Amino acid sequence: MNALPPWPEIDHAQFGELGQIVPLSRIQKLAAGYLTRNWVGIPHVTHHDEADITELDARRRRDGEAGGRKLTLTPYLMKALAALLARYPQFNASLDASGQNLVFKKYFHVGMAIDTPNGLLVAVLRDCDRKSVFDLAEEIDTLAAKARTRGLPMKDMVGGCITLSSLGHIGGTGFTPIVNAPEVAILGVTRAQWKPRRGVGDALEWRLMLPLSLSYDHRVINGADAARFTAALEAQLGEAASA
Ligand code: CAO
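Residues numbered from 1 in each chain as written. Predicted model: local features only at pLDDT ≥ 70, side-chain atom pairs only at ≥ 80, totals over all residues. Heavy atoms only, no water.

> What's the story with the overall build of the chain in this structure? I'm lost.
On a plain count of helices and strands, the chain comes out with 5 helices and 9 strands. Along its sequence from the N terminus, the chain presents helices and strands in the succession α-β-α-α-β-β-β-β-α-β-β-β-β-α. The C-alpha atoms of the chain give a radius of gyration of 20 Å, which matches the 18 Å a tight globule of 243 residues would have. Dimensions of the chain along its principal axes, counting C-alpha atoms only, are 65 × 45 × 40 Å. Looking at the chain as a whole, 42% of its 243 residues are labelled buried. Contacts spanning at least 24 positions in sequence make up 62% of the contacts within the chain whose residues lie at least 6 apart. (Helix = DSSP H or I, 4+ residues; strand = E, 2+ residues; numbered from the N terminus. Rg over C-alpha atoms; globule rule 2.2 N^0.38 Å. Buried < 20%, exposed > 50% of the residue type's maximum accessible area, 1.4 Å probe, protein only. Contact = heavy atoms within 4.5 Å.)

> Can you help me understand the site of the ligand in this one?
In the neighbourhood of the ligand, 19 residues make up the surrounding shell, with Thr72, Thr74, Arg148, Ser165 and Ala192 lying closest. Here an oxygen atom of the ligand sits 2.6 Å away from a polar atom, N or O, in the side chain of threonine 74. In the model, a nitrogen atom of the ligand is placed 2.9 Å from a nitrogen or oxygen of the alanine 192 main chain. Contact with the protein chains removes 72% of the 990 Å² of surface that the ligand exposes when unbound. (Near = heavy atom within 4 Å. Polar contact = N/O pair within 3.5 Å; in protein donor to acceptor, adjacent residues only side chain to side chain. Areas by Shrake-Rupley, 256 points an atom, 1.4 Å probe, with all protein chains shown as cover.)

> Explain a nonpolar patch on the surface here, please?
A cluster of nonpolar side chains, Trp194, Leu204 and Trp206, forms an exposed patch at the surface whose accessible area comes to about 410 Å². Residue placement: leucine 204 occurs in strand β9 (residues 204-217). Given the relative accessible area of 60%, leucine 204 is considered exposed. (Patch = residues over 30% accessible without salt bridge, like charges linked within 9 Å, V, L, I, M, F, W, Y side chains within 5 Å. Salt bridge = Lys/Arg side-chain N within 4 Å of Asp/Glu carboxyl O.)

> So what exactly am I meant to see when it comes to helix α2 (residues 54-67) here?
Along an α-helix, residues three or four apart share an orientation, since each turn contains 3.6 residues. For α2, spanning 14 residues, the distance from its first C-alpha to its last is 20 Å, which sits close to the expected 20 Å at 1.5 Å a residue. Within α2 the residues assigned to the buried category are Thr54, Leu56, Asp57, Arg59, Arg60, Asp63 and Gly64. The secondary structure elements touched by the buried residues of α2 are β1 (44-52), α3 (73-87), α4 (133-149), β8 (193-198), β9 and α5 (223-242). Directly after α2, the chain includes glycine 68, whose backbone phi takes a positive value near 70 degrees. (Expected span 1.5 Å × (residues − 1).)

Here is the structure:
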């Protein structure tokens, strides 16, 4: 394969007036290295799907009122991902540094991308299968606040099995998140939207649909695995609504 051409060195001033030159933050520089390595080194595919979360959304509001705190979709998604890692072990695996062996894990730690003023961080929530949605919501708030103020220690950013990247509070209909190596998959979710669906007897029903964008390492996961995983995720979220 040919080496990549060098980054273009351009005097932008020749094209018009310039603003400030601002150095990247420490977090941006670190993230840039990892993102570039993962983007260039991993053969990515992104599978797009949507999950009907009408019942889950009602459940999350009821749970929140009963428990006296706001619950977003995030803790439900983290628990559902942990449950699916147990059923789809190839999603809970990592290639070792030689690229010749797959290491399967029996723990279920889920990473969560956090948008901070200084750049992107991924916090890891351990043993999501054993925690309640309230425990997870509490931990998400604590880690997000820490990430946005003091930053996170390395111990809170390592050991993830899969990452959740939610842009649902902002918008979007889908995106292509970059796999966070040595994990083999990352789930992106964007804003849930009410959509018309054909219901019983051809009646029109309005359902709340959550867009899912599952990027995966194609060396480990095939397209059919990814399609099964997102279909199972929808079913898992449905089960969470009626549990
Ligand atoms: N659809 C519709 N509404 C959604 C939603 C979705 N998918 N996800 C969240 N919301 C709503 C929440 O219910 C909440 O509504 P109210 O204000 O009415 O209560 C609002 O959006 C804000 O949610 P939040 O941001 O406070 O909480 P969260 O649990 O959704 O997310 C966190 C927490 C830390 C994951 C998020 O703040 C964040 O930083 N996300 C950015 C991740 C990112 O940058 N990813 C891109 C990385 S590149 O791969």
